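Understanding the architecture of this molecule
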Number of protein chains: 4
Amino acid sequence: MNSFGNKFRVSILGESHGPYVGVVLDGVKPGLPLCGEDFQADLDRRRAGAPGTTPRVEADKPEIVSGVFEGHTTGAPITILFKNENTRSQDYAALKDNPRPGHADQTAKVKYGGFNDPRGGGHFSGRLTVGIVVAGVVAKKMAPWCYEAEILEIGGNNRPEEWPALIEQTRSEGDSLGAVVECRVSGVPAGLGEPFWDSVESRLAHAIFAIPGVRGIEFGDGFASARMKGSEHNDAFGEDGIPVTNHAGGANGGITNGNPLVFRVAFKPTASIAKAGIPGRHDVCFALRTPVIVEAMAAIVLADFND
Amino acid sequence: MNSFGNKFRVSILGESHGPYVGVVLDGVKPGLPLCGEDFQADLDRRRAGAPGTTPRVEADKPEIVSGVFEGHTTGAPITILFKNENTRSQDYAALKDNPRPGHADQTAKVKYGGFNDPRGGGHFSGRLTVGIVVAGVVAKKMAPWCYEAEILEIGGNNRPEEWPALIEQTRSEGDSLGAVVECRVSGVPAGLGEPFWDSVESRLAHAIFAIPGVRGIEFGDGFASARMKGSEHNDAFGEDGIPVTNHAGGANGGITNGNPLVFRVAFKPTASIAKAGIPGRHDVCFALRTPVIVEAMAAIVLADFND
Amino acid sequence: MNSFGNKFRVSILGESHGPYVGVVLDGVKPGLPLCGEDFQADLDRRRAGAPGTTPRVEADKPEIVSGVFEGHTTGAPITILFKNENTRSQDYAALKDNPRPGHADQTAKVKYGGFNDPRGGGHFSGRLTVGIVVAGVVAKKMAPWCYEAEILEIGGNNRPEEWPALIEQTRSEGDSLGAVVECRVSGVPAGLGEPFWDSVESRLAHAIFAIPGVRGIEFGDGFASARMKGSEHNDAFGEDGIPVTNHAGGANGGITNGNPLVFRVAFKPTASIAKAGIPGRHDVCFALRTPVIVEAMAAIVLADFND
Amino acid sequence: MNSFGNKFRVSILGESHGPYVGVVLDGVKPGLPLCGEDFQADLDRRRAGAPGTTPRVEADKPEIVSGVFEGHTTGAPITILFKNENTRSQDYAALKDNPRPGHADQTAKVKYGGFNDPRGGGHFSGRLTVGIVVAGVVAKKMAPWCYEAEILEIGGNNRPEEWPALIEQTRSEGDSLGAVVECRVSGVPAGLGEPFWDSVESRLAHAIFAIPGVRGIEFGDGFASARMKGSEHNDAFGEDGIPVTNHAGGANGGITNGNPLVFRVAFKPTASIAKAGIPGRHDVCFALRTPVIVEAMAAIVLADFND
C-alpha cells in the first residue's frame, strides 16, 4: 500500500508524466494554521536548477484540494496536488524495451506485467518526493522540533568549497556523484518510539529507505560503533536522566532519550549518466536535493509517534 | 503495536523475567509441515554458552500452543511460547532507581510512567528475540530461499582466527565488543517489494532495527556507494533482465531484481559491562548470537511480501 | 483514518463545498481495462434529479488523476476526483451556530473543536459517496460477480407502483421517508472471509454503516432468524457441499459458502426536512439513490478479500 | 488477520480442542490495576451450566502470561490464556467428512484445503469468545462507561417468566432457539468515531458480527426507522447540544453525540440440534450466554476509539 503511518498517515500518488503527483495526509490535527505559502521554503530547497541538479524545473505549485478551511486544518484528509507541466515524454519512448540500469524500469515491468507507466519512471520517479516535502511541512507543525539536514560529503569529499569544481568536472565527464546527508532533530522529548517493532530507528529507517537512491543509514556512532568497546560507546546519564554524550544517536531501546536524534544517510550516485548514453535530463548529484526530503521523512515519522 | 507484517504478521509478547516470552504468527499458509524439532537448529545458533556469550542459558524449548494440527499448519494463528526458567531477578532489584546506560531502562520508565516491568529489561530484553528465531523458521518455509548471515568483523577485526583471543582479553578487561553481520539471501525472485513506502530495503531496515543493539544497515555497496561514481556503481543488465553485477544489493527502485539480497548490519558493543559495575550475566559480544536473528528478520520480511 | 481495506484500499477525501471530492484506490491489480465511461452507468444510478431526490445536480464527471495508462490500470494508486460545481454555500451560512438535527454538524463541531468545514456537512456529506460509486466500479472488476441491490420498501410500503404518490405527498408535507434496500451478490466463490474478526458479515456491515443514514443490517433471515427454531433455520448441504437453502445469507462461520450473499439495509428518513425549517435542497427519500452505493460497498469488501 | 483495533488491539488465538485458547491485548495503557479476579464476574456470565446452555463446562481460569507486573498493566502486550480441559474429541471424529449444517466445518475445509483443525469447530468455535470476555474486562477499564446488555426476547417471546418452559420444551424436542440481545452503553462522551469508514456504528457492527451466530444489528430505531418519517425520527437538540430523544441510538454522522449508545443484535438458533442427529453437547439457546460478549465487544470498540 502506498501509505505510511498509523496516527498520521501519508499516502502518495501520481506518476512522473501523468497529470498530477501528490499526497493525501490523514490524521492531521484540526486547527493548525496552513496555507500555500507555508510550503514554499521547503519546496525551494528541493527544487532543481542549482549546479549539479537537473534542468527539469517544475513550478511546484501546491494545490490544496481538501482538508483546509479558512486557513486552518479541519481534521479531514488533506490532499495536495502538483500539476506535472515540464514533461518531455519523447525522451522516454524507448524505455519499455530499454530499461535504465539502476532504476525501477525493469523491476516494475516484471512486477506489473508491463502495465506500469514507464514514462520518466512513472510512479517510481523521484518526482514524487515533491509530495513528501509538503507532507513534511505539515508534519513539522505536528511535531514542532528543530530539523536540520545537510550534505556531509559529496563523492567522498567533505570540503564544501571544493564541491562546485568536483560537480562541474563530473558533469563534463558525463558521470555522477553520491553523497552522505546528516540529519539532526533537536528538542525531541524522551519517550517516543514503541517497543519491539516500532523503534524510532526502525520507523526512521523505513521512511528514509523510501527515498529513491538510499543505500544505507546509521544512527549515532553507526558503523563505527561496531569497532568501539562498550566503555567507549556507552552514554552515561546526567542528573536529569538524559545521557550526557550521544553515541547512541538519541534513542535507547528504540525510545527517544531526550538527546537530539542524529543519523546519516548514504545516497548512491545518480544512475542515469550521459556517459552510458541514457537520454533525459539528470542531476549530476541528485543527493544535493535530498536534505529537505530527509528532514521531511524525520518529521513524518515523529508526527506519527507524537500524540 | 507489538506486531509487524501485513500478510504474514509476527506479534511478540512477554518479559525477560515473566512466566513466558513468545510470538503469535498470523497469516501462515495452511498445510506447511511443522513440528517442534524444526526450530532446534536455529534456536541452537542463538543460544548462549559459547565464548563471548552470556552464561544465562535457557532451555529454549518451544511450546506450540495453537495453529498446528497433526503436524501441519492449519491457517489459524500459530502461538509459540518459551518458559522463562533461568531468571535471577535479584540481580536487577535496584534497576528501577539505577537505570543501566545503553538500555531501555530509563526510556521505558519515562514512557510508561514507571509501570514497566524492569526486571532484566522486561519487554525490551534481548530475551524476546528467541521468538523471532522461531518466527523466522516458519517464515523460511513460506519464503523458501537461501538465507546466510555471518559475522564479518568483531571489534573491527575481520580475521576470525583472532576473535577468541580478542574476546577473552576484552572479557578480562570487563569490557565488550561490537560487530558487523552480513546477510545474503539467494534465490529471491524479482518483483518483491512495494512502491513507495514499502521498498524491500525499507521493510528489511525496519525489521533489522527492531533487533536490540543495531546502529546501522547498508545494502550492496552501502556507504561506500556515496563515494563512487555512477559509472562505477551502476549494474548493467544481463540478457535475462537480471543485473550482472550487484552493487545495488539486490533491488532497484525498492523491488527485488533477481540478484541476491545483500546487506550488512552494525551492532554496537554490549552495553552492560563489568567495568562499569553493571550486575548481571552478560555477553562480551552479544552480536555473536545475532546472525540467526538477522536471517529470521529477512525471512519474516520476505514472507510478508510473498504471495 | 479515512480508508478501508487491506489488499484493496479505498481512501476518501474532500468536502461537500470544497474544490473536489474523490477517492484514492490502492492495491488495484495491473492490467484491468479502465476508462472514464466505465463509471457512467453506476454514477447515473446515484445521481439526483428523479422524483424524491434533491434538485442539487452535479455533473459528476470523474477525472482520473493517477494510476491509469493507455486505458489500463498500472498497479499504482488510482486517484479519481470530482469537481464540486453546484454549491450554494449561502444556504449553510448559519450552520455553525445552528447544527441540523440528524446530521454530523454538532458532533463534528465537538470532535474537531469547531475547525471542521461546516458547509453542506463538509467531509461528512453524502456528496462523498460519489467516490464510493467509482471505487465500486473498479472493485466490481476485481471481484467480478453479479451485484444486484434494489429498494424493497419505502416508508414501510413494498408496492413500487404506489411509491410515486407516497413520495409526492410526503414532499408536499415537507417531510421525508426511509427505506429498506436488499442486496444480493451471486457467483461469489466459497472461502472468502477470515476467521474471527474479519467475517464476511463483519466487513460488509462495517462498510455499509459507513454510508450516511444506515440504521441496520441483517443477513439471510436476519432478525427473523431470532424467532425461528434451529430445525427451521439450518441450511442442509447439497452434494456439492453448498447449502440447498440460504437462510444464512451466503456465509457460515463468517466464510462464504457458495450461495449468494443476501443482506438488507435499513435507511432512516432524510434528516433535513422543510417542515422543520431546514434550508437547503434535500431528498425526500435519499435512500432512493443508495442501491448503487450498497452494491459498491459489497464489491469493495469482496475485492479486498479476493486474491 | 485475527486481530481487531488500531490503538487497542485484540488478537485471538487457539482452537476448541487444542491446548489453549486466549487473547493478546496490545495498546493497553500502563498503570491500570489488573488481577485474575477482575475477570471472574464477566466470565461467570458467559459460562455454561444454566438451563438452555451446554453441559460442557470449563474451569475458565485465566492465566496472565505477560503484560502485568505487581498488579498493574505495564503497557506491554497482555496475554491471557485458558487451558482447554473438558474436551471430548471423539464426539467430533467424523466431522471432517460430515460437516455440520450452520457451522464453519465445510467453509473452513474449503478455505484451508482441509488442513484446519476440525475438532469442535477448531479456531471457529464459540469457545474462543472466552477470550473476548477478558478482553472486554480490560477494555471496560480503558473506556470506563456503563455497559448493560440483556436478552430482549427468546424465540420471539419477550416475557422472561415464560422462557424456562419454552427452553425446556424446545430441548425436549431436540430443537433450538434464537434470541435478540439489546445493549446500552451510558456515559459515552460525544466525539468518538471517525469519518468516513470508521463510524462508531461501523466499528461496533464489525465487532458484533465477529460473534458466532449473529444475523443482524440495528441502532436506535433500527429497521423501524425505515418506516418512519423524518419528523418522527429526528432528534432535536437540547440546550447542551445533546439530543433530547435518542431515535438515532447515540451517534450522528457516525460520531457519538452524548446520548447512550443503543443497539440490538439478532442471534440465530443454535445450529447443532439433537433432532438432526448432530453429536456433541450443545446449547438450546447459545444466545443466553452472549450478553456479556456483546458488552465486551462494545467496550473493545470504544476503548479503541478512546484516547
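Figured I'd write up the structure that's included with this text. Numbering of residues starts from 1 in each chain and follows the order in which that chain's sequence is written. Chains carry letters from A onward and ligands carry numbers from 1 onward, assigned in written order. The predicted origin of the model limits local features to residues at a pLDDT of at least 70 and limits the giving and counting of side-chain atom pairs to 80 or more, whereas totals for whole chains, interfaces and linings rest on all residues. Values shown for side chains rest on all heavy atoms present in the structure; no hydrogens or waters enter the calculation.

Attention now goes to the overall build of chain A. Only DSSP runs of H or I with at least four residues qualify as helices, and only runs of E with at least two residues qualify as strands; both kinds are numbered from the N terminus onward. From N to C terminus, chain A includes seven helices and 13 strands. The C-alpha atoms of chain A give a radius of gyration of 20 Å, which matches the 19 Å a tight globule of 307 residues would have. Principal-axis analysis of the C-alpha atoms gives chain A an extent of 65 × 50 × 40 Å. Classification of residues uses two cut-offs on accessible area relative to the type maximum, computed with a 1.4 Å probe and protein chains only: under 20% is buried, over 50% is exposed, and between them is partly exposed. When burial is assessed residue by residue, chain A has 65% of its 307 residues classed as buried. Contacts between residues were defined by any pair of non-hydrogen atoms, one from each residue, lying within 4.5 Å. Sequence separation of at least 24 residues holds for 72% of the intrachain contacts in chain A that already meet a minimum separation of 6. Each accessible area value is a Shrake-Rupley result obtained with a 1.4 Å probe; residue values ignore everything except the protein chains displayed when judging cover. Summed over its atoms, the accessible surface of chain A is roughly 9,800 Å², and 51% of this surface lies on carbon and sulfur atoms. When charges are counted, neither His nor the chain ends are considered; positive counts come from Lys and Arg and negative counts from Asp and Glu. Charged side chains are reduced to one point each, which is NZ for Lys, CZ for Arg, CG for Asp and CD for Glu. Both charge centroids of chain A, one from 30 positive and one from 37 negative side chains, sit 7 Å from each other. For the radius of gyration, the atoms used are the C-alpha atoms, and the globule rule reads 2.2 Å times the number of residues raised to 0.38.

For the rest of this paragraph, the subject is the interface of chain B and chain A. Between chain B and chain A, the residue contacts involve 87 residues of the former and 88 residues of the latter. Contact with chain A buries area across many residues of chain B, yet Phe196, Trp197 and Arg215 of chain B alone supply 14% of it, more than any other trio. Salt bridges are defined by distance alone: a side-chain nitrogen of Lys or Arg within 4 Å of a carboxyl oxygen of Asp or Glu. The tally of links from chain B across to chain A stands at six salt bridges. At six residues, the largest contribution of residues to the side of chain B that touches chain A is made by helix H5 (residues 200-208) of chain B. Buried area: the accessible surface (1.4 Å probe) lost by two parts on joining, summed over both.

It is worth spelling out the interface of chain A and chain C at this point. Every contact between the two is made by 39 residues of chain A and, on the other side, 39 residues of chain C. Between chain A and chain C, roughly 2,900 Å² of surface is buried when both sides are summed, and carbon and sulfur atoms account for 65% of that area. When the area that chain A buries against chain C is broken down by residue, the three leading residues are Met1, Phe69 and Phe115 of chain A, summing to 22%. Whenever a nitrogen or oxygen atom comes within 3.5 Å of another N or O atom, the pair is scored as a polar contact, on the condition that within protein one atom can donate a hydrogen and the other can accept it, and that pairs from neighbouring residues in sequence are kept only if both atoms are in side chains. In this assembly, chain A and chain C are joined by six residue pairs in polar contact (both at pLDDT 80 or more). Breaking the side of chain A that touches chain C down by element, the ones donating at least two residues are strand S2 (9-14), strand S3 (20-26), strand S4 (63-66), strand S6 (72-73) and strand S7 (78-83) of chain A. For the side of chain A that touches chain C, the element with the most residues is S2 of chain A, which contributes four residues.

In summary, the pairing rule links any two rings of Phe, Tyr or Trp, Trp by its six-membered ring, whose centres are within 6.5 Å, and it sorts them by plane angle into stacked for under 30 degrees, edge-to-face for over 60 and tilted for everything else. Following the criterion strictly, the structure yields 26 aromatic pairs over all chains and no others. The interplanar angle of 65° and the centroid separation of 6.0 Å between the aromatic rings of phenylalanine 223 of chain A and phenylalanine 223 of chain B together place this pair among those described as edge-to-face. With phenylalanine 223 of chain A in the loop between strand S10 (214-219) and helix H6 (230-233) and phenylalanine 223 of chain B in the loop between strand S10 (214-219) and helix H6 (230-233), this residue pair bridges two chains. Comparing phenylalanine 223 of chain A with phenylalanine 223 of chain B shows no difference in burial state: the two are buried. Taken together, Phe4 of chain A together with Phe196 and Trp197 of chain B form an aromatic cluster joined through their ring pairs.

Here the focus is helix H5 (residues 200-208) of chain A. For H5 of chain A, the buried fraction is high: nine of the nine residues fall into the buried class. Among all positions in H5 of chain A, only Val200, Glu201, Ser202, Arg203, Leu204, Ala205, His206, Ala207 and Ile208 of chain A are buried.

Another point: the side chain of asparagine 116 of chain A. Looking at the element boundaries, asparagine 116 of chain A is found in the loop between helix H2 (105-111) and helix H3 (129-142). With residues up to four places along the chain from it excluded, the contact list for asparagine 116 of chain A reads Lys96, Ala108 and Lys109 of chain A together with Phe69 and Thr74 of chain C.

Copy-to-copy superposition: least squares on the C-alpha atoms, limited to residues that have pLDDT of at least 70 in both copies. Once chain A has been moved 0.0 Å along the axis and rotated by 180°, it coincides with chain C to within an RMSD of 0.0 Å. Within this description, the copies of the chain are treated as partners about a two-fold rotation axis.

We now examine the relation of the copies chain B and chain A. Between the two copies, chain B and chain A, the superposition gives an RMSD of 0.0 Å; the rotation angle is 180° and the shift along the axis is 0.0 Å. Of the residues that chain B buries at the interface, 100% are likewise interface residues in chain A, meaning the two copies contact each other through the same surface.

Moving on to the sheet that holds strand S9 (residues 179-186) of chain A. Within a sheet, each strand pairs with its neighbour through backbone hydrogen bonds, oriented either parallel or antiparallel. With respect to topology, eight strands assemble into an open sheet ordered S8(A)-S9(A)-S13(A)-S10(A)-S10(B)-S13(B)-S9(B)-S8(B), the strand pairing being antiparallel. Where the open sheet ends on each side, the last strands, each with one partner, are strand S8 (146-154) of chain A together with strand S8 (146-154) of chain B. The mean angle between the axes of side-by-side strands here comes to 20°, regardless of whether they run parallel or antiparallel. Alignment of S9 of chain A against strand S13 (residues 261-267) of chain A, held across seven bridges, turns out to be antiparallel. Bridge assignment links valine 185 of chain A to a residue of S13 of chain A, and that residue is leucine 261 of chain A. Here, axes are lines fitted to C-alpha atoms. For helices the fit covers the stretch in contact, and angles between N-to-C directions go from 0 to 180 degrees. Along the sheet, helix H7 (residues 291-305) of chain A makes contact with S8, S9 and S13 of chain A, crossing S8 of chain A at roughly 140°. Set on the sheet, H5 of chain B makes contact with S10 of chain A together with S10 and strand S13 (261-267) of chain B; between it and S10 of chain B the angle comes to about 160°. DSSP-based pairing: two strands are paired if at least 2 bridges between them are found.

All names here are of chain C. Structurally, asparagine 157 is set in the loop between strand S8 (146-154) and helix H4 (163-172). Distance from asparagine 157 to valine 180, taken between C-alpha atoms, is 9.8 Å for residues 23 residues apart in sequence. For asparagine 157, the residues in contact, after removing those within four places along its chain, are Leu152, Glu162, Trp163 and Leu166. Engagement of the side chain of asparagine 157 in a polar contact is seen with the backbone nitrogen of arginine 159, the distance being 2.7 Å.

The next thing to look at is the sheet that holds strand S10 (residues 214-219) of chain D. Reading across from one edge, S8(C)-S9(C)-S13(C)-S10(C)-S10(D)-S13(D)-S9(D)-S8(D) is the order of the eight strands in this open sheet, with antiparallel pairing throughout. The sheet is open, and its two borders are formed by S8 of chain C together with strand S8 (146-154) of chain D, each paired with just one other strand. Taking the axes of each pair of neighbouring strands and ignoring which way they run, one obtains an average angle of 20° across the sheet. In this sheet, strand S9 (residues 179-186) of chain C lies alongside S8 of chain C in antiparallel orientation, the contact comprising eight bridges. Note that in S9 of chain C the partner of tyrosine 147 of chain C across the bridge is valine 185 of chain C. Its contacts with the sheet place helix H7 (residues 291-305) of chain C against S8, S9 and strand S13 (261-267) of chain C, and it is angled at close to 140° to S8 of chain C.

With respect to the helices, strands and loops of the structure, threonine 129 of chain C is situated in helix H3 (residues 129-142). Separated by 107 residues in the primary sequence, threonine 129 of chain C and glycine 22 of chain C have C-alpha atoms spaced 8.8 Å apart. When near neighbours in sequence (up to four residues on either side) are disregarded, threonine 129 of chain C contacts Arg46, Pro212 and Ile293 of chain C together with Phe196 of chain D.

No part of chain B reaches chain C; the closest C-alpha pair between them is 8 Å apart. In this view chain A stays clear of chain D, with the nearest C-alpha atoms of the two still 8 Å from each other.

If you want to describe how two helices pack, look at the angle between their axes and the distance between the axes. Residues and elements named next belong to chain C. Remark: helix H5 (residues 200-208) packs on H7, axes separated minimally by 9 Å, with the N-to-C direction vectors making an angle of 135°. Viewed along their axes, H5 and H7 adopt a mutual orientation that is oblique. The element H5 and its partner H7 pack so that their crossing is right-handed. The segment H5 lies against H7, with Val200, Arg203, Leu204, Ala207 and Ile208 engaging Val294, Met297, Ala298, Val301, Leu302, Asp304 and Phe305. Lys, Arg, Asp and Glu make up the charged group, whereas Ala, Val, Leu, Ile, Met, Phe, Trp, Tyr, Cys and Pro make up the nonpolar group; the residues left over, Gly among them, are polar. Residues that form the contact of H5 with H7 fall into these classes: ten nonpolar, no polar and two charged. The labels follow the angle: roughly parallel below 35 degrees, roughly antiparallel above 145, roughly perpendicular from 65 to 115, and oblique for the rest. When the near helix sits turned anticlockwise from the far one by under a right angle, the crossing is termed left-handed; a clockwise turn instead gives a right-handed crossing.

Side chains that carry opposite charge are capable of pairing whenever their charged atoms lie near each other. With the rule as written, the count across this model stands at 84 salt bridges over all chains. We note a salt bridge from arginine 127 of chain A to aspartate 60 of chain A, for which the minimum N-O separation is 2.8 Å. A residue pair is termed long-range when its members are at least 10 positions apart, and arginine 127 of chain A in the loop between H2 and H3 and aspartate 60 of chain A in the loop between helix H1 (40-46) and S4 qualify at 67 residues. Residue classification places arginine 127 of chain A among the buried residues on the basis of a relative accessible area of 6%. For arginine 45 of chain D, the salt bridge is made with aspartate 42 of chain D, and the minimal N-O distance between the two is 3.5 Å. One end of the pair, arginine 45 of chain D, and the other, aspartate 42 of chain D, are both in helix H1 (residues 40-46), three residues apart, so they sit about a helical turn from each other.

Before going further, it helps to examine the state of the cysteines. All names here are of chain B. Only a pair of cysteine sulfur atoms within 2.5 Å counts as a disulfide in this structure description. All chains considered together, the criterion is met by zero disulfides over all chains. The thiol of cysteine 183 is not disulfide-bonded; the next cysteine sulfur, from cysteine 146, is found 9.7 Å away. On the accessibility criterion, cysteine 183 (1% relative accessible area) is buried.

Attention shifts here to the packing of H3 of chain C against H7 of chain C. Residue and element names in this part refer to chain C. Two elements in contact, H3 and H7, have axes whose closest approach is 7 Å; the angle formed by their N-to-C orientations is 50°. By the criterion of interaxial angle, the relationship of H3 to H7 is oblique. The element H3 and its partner H7 pack so that their crossing is left-handed. Judged by residue contacts, Thr129, Ile132, Val133, Ala135, Gly136, Ala139, Lys140 and Met142 of H3 engage Val292, Ile293, Glu295, Ala296, Met297, Ala299, Ile300 and Ala303 from H7. Looking at the contact of H3 with H7 residue by residue, the classes come out as twelve nonpolar, two polar and two charged.

Quick look at the side chain of arginine 264 of chain B now. Tracing the backbone through its elements, the reader meets arginine 264 of chain B in strand S13. Of note is the side chain of arginine 264 of chain B, whose polar atom sits 3.0 Å from the side chain of glutamate 182 of chain B. For arginine 264 of chain B, the side chain forms a polar contact with the main-chain oxygen of glycine 220 of chain B, separated by 2.4 Å. Those residues in contact with arginine 264 of chain B that sit more than four places away from it in its chain are Phe223 of chain A together with Leu152, Val180, Val181, Glu182, Gly216, Ile217, Glu218, Gly220, Asp221 and Gly222 of chain B.

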